[in-house]
Structures are given as C-alpha cells and as structure tokens.
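# A structural walkthrough
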Amino acid sequence: MLSLGVAASGSPVYVGGSFANIGGQARAKVAAVSASDSTATSWSPGADAAVTALGVTSSSVAVGGALSSVGGQPRTNLVAFTTSGQILSFFYPGAKLQE
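Computed from a prediction, not measured in an experiment: that's the story for all the values here.

Residues M1, L4 and V6 make up a contiguous nonpolar surface patch of roughly 330 Å² in combined accessible area. The residue M1 is located in the segment before β1 (3–6) in this model.

Listed below in structure tokens is the structure:
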C-alpha cells in the first residue's frame, strides 16, 4: 500500500498501491475496504499503474499516480471518482508528472 484515504464517516477506507488483490478480491491498484472488518467493498474502478496519492471527500475520491488509464478510460496521472465508482468526467486535468 502506498496511499490511504478515509471517508469522513470513517468507512470505507480507500487504499492505493501496486496490488492486484485485496483480501482475495481482485482490485487493480485502488480499492475501498470496510473499516469494521477490512473486507473489500464493491468499489473497484481499477488503475493501470501504482496509485501513490488519494484524496477523499464525502462524495468523491481523487486518485493520483503514473496513470494512463483508469476504469478503462484514458486519464493522465490524476482522476476523480464518485464514491460509487464512476469517473467524474468534468475533472480531467491531464496532469503531467515532473521528471
């Protein structure tokens, strides 16, 4: 795990990294787990590269890393989702990582 974000309510806990599974459930580099029993929730947008940053609000989750695709959609380094897992299409900054 490389990044962690917690919903204001305390659950779920959003995690990012370079993993392929969480608790035996397939989750590509980003997932949400229940704070009470650590099981993976159904939130599973999937990322093509390690997730190194997370930001969580009551209604959205921002995900950052060396990304080129998330949830099957082209996204460069930064993407935002609803807490139900849909990409926020209006948020598409096309961020470039500094070398």
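Now that the structure has been shown, we can carry on.
Turning our eyes to something else, we now look at the sheet that holds strand β6 (residues 51–56). As summarised here, the arrangement of the three strands in space is β6-β7-β10, forming an open sheet in which the pairing is antiparallel. Looking along the sheet, the strands with just one partner apiece sit at the ends: β6 and β10 (78–82). Each neighbouring strand pair of the sheet contributes to a mean axis angle of 20°, computed without reference to strand direction. Bridge analysis of strand β7 (residues 60–65) against β10 gives five bridges, and the strand direction is antiparallel. Opposite V63, over in β10, you have V79 as the bridge partner.

Further remarks concern the packing of aromatic side chains. The geometry of an aromatic ring pair comes down to the distance between the two centres and the angle between the two planes. Using the criterion set out here, one finds two aromatic pairs in the structure. Between W43 and F81, the aromatic rings sit 5.8 Å apart at their centres with planes inclined by 80°, giving edge-to-face as the arrangement. Of the two residues, W43 sits in the loop between β5 (30–33) and β6 while F81 sits in strand β10, which places them 38 residues apart along the sequence. Each member of the pair, W43 as well as F81, is classed as buried. Through successive ring pairs, a cluster of aromatic residues spans Y14, W43 and F81.

The rules behind the values
Residues numbered from 1 in each chain as written. Predicted model: local features only at pLDDT ≥ 70, side-chain atom pairs only at ≥ 80, totals over all residues. Heavy atoms only, no water. Patch = residues over 30% accessible without salt bridge, like charges linked within 9 Å, V, L, I, M, F, W, Y side chains within 5 Å. Areas by Shrake-Rupley, 256 points an atom, 1.4 Å probe, with all protein chains shown as cover. Salt bridge = Lys/Arg side-chain N within 4 Å of Asp/Glu carboxyl O. Helix = DSSP H or I, 4+ residues; strand = E, 2+ residues; numbered from the N terminus. Pairing = 2+ DSSP bridges. Axes fitted to C-alpha atoms, helices over the stretch in contact; angles between N-to-C directions. Phe/Tyr/Trp six-rings, centres within 6.5 Å; stacked < 30°, edge-to-face > 60°. Buried < 20%, exposed > 50% of the residue type's maximum accessible area, 1.4 Å probe, protein only.

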